[in-house]
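Take a look at the letters that make up each chain.
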Amino acid sequence: MERDLIHGSADTTGASLLVPCNQEEDFPAACYRYKVKYLFHPETTVAQVADLCLGLQGLQRLGCFHGLGFSQLNDVFREPSLLGVTCRYGSTQDQKICIEGAIEKLADYDPRRAATACKSLAPELTAHCQQTIAYGFYS
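Residues numbered from 1 in each chain as written. Predicted model: local features only at pLDDT ≥ 70, side-chain atom pairs only at ≥ 80, totals over all residues. Heavy atoms only, no water.

Q: Quick question: what am I supposed to make of the nonpolar core here?
A: Inside soluble globular proteins, nonpolar side chains tend to come together where they are buried. If you look at the biggest cluster of nonpolar residues, it comprises 36 residues, and the most contacted ones within it are Y32, F65, L68, L83, I99, I103 and C129. Breaking this core down by element, the ones donating at least two residues are α2 (28-35), α3 (46-54), α4 (58-71), α5 (73-78), α7 (92-109), α8 (111-118) and α9 (123-135). It is α7 that contributes the most residues to this core, 7 residues altogether. Setting aside anything within four residues of it in sequence, one finds Y32 in contact with L18, C21, N22, L56, Q60, G63, C64 and G67. (Core = buried A, V, L, I, M, F, W, Y, C linked by side-chain atoms within 4.5 Å. Buried < 20%, exposed > 50% of the residue type's maximum accessible area, 1.4 Å probe, protein only. Helix = DSSP H or I, 4+ residues; strand = E, 2+ residues; numbered from the N terminus. Contact = heavy atoms within 4.5 Å.)

Q: For this particular structure, what's the right way to read the confidence of the model for the protein chain?
A: As a general rule, the predicted coordinates of low-pLDDT regions are not to be interpreted in detail. A residue-level look at the protein chain finds 86% of positions with pLDDT of 70 or above and a mean pLDDT of 88. Element-level mean pLDDT values for the protein chain span from 41 in helix α1 (residues 2-7) up to 97 in helix α6 (residues 82-86). Note on residues 1-9: pLDDT under 50 across the span, and 9 contacts to partners over four residues away in sequence or across chains. (pLDDT = per-residue confidence, 0-100.)

Q: Please explain α3 as it appears in this structure.
A: An α-helix turns once every 3.6 residues. As a result, residues three or four positions apart point the same way. For α3, the complete set of buried residues consists of V46, V49, A50 and C53. For α3, the buried positions fall inside an angular range of 105° around the axis, keeping them on one side. Its buried side turned inward, α3 meets α4 and α6. (Arc of directions from axis to C-beta.)

Q: How do you make sense of α9 when you look at a structure like this?
A: Counted at 1.5 Å a residue, the expected span for α9 with its 13 residues is 18 Å, and the 19 Å between its end C-alpha atoms agrees. Contacts from the buried residues of α9 go to α6, α7 and α8. Positive phi appears at G136, one or two residues downstream of α9, with a value of about 85°. (Expected span 1.5 Å × (residues − 1).)

In structure tokens form, the structure reads like this:
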């Protein structure tokens with residue numbers, strides 16, 4: 001978060017769009033949480049960013065999907081049904097971490113709206129979404 005406050009979108013102008021998160025070994029989700037929003041430009045779609053995440057491995061991939069969910073928080077707040085659209089990419093594990101990225105903070109702010117967003121998901125993901133609401137932010 002501190003790096004985001006200092007560098008902001010300037011980090012997306014280097015050799016890799018994912019610097020410095022792609023070098024983070026311990027807590028990549030904490031980095032991608034603030035990084036992914038800078039990958040969006042007016043013409044960039046959620047699907048394009050999801051493809052970028054799909055090209056990563058292990059914790060980097062999960063961190064990227066967490067950031068994807070978090071980057072769409074405002075849109076999901078305005079239109080809860082967008083959670084199912086945003087977090088439909090990748091494996092079930094990718095989808096769950098994307099849901100966590102979007103829902104943790106939303107549930108902290110507005111648990112009823114978060115519960116409505118959970119209803120936009122496939123049945124096998126709804127329980128995980130509801131559990132994320134129960135656990136709260138930084139679960």
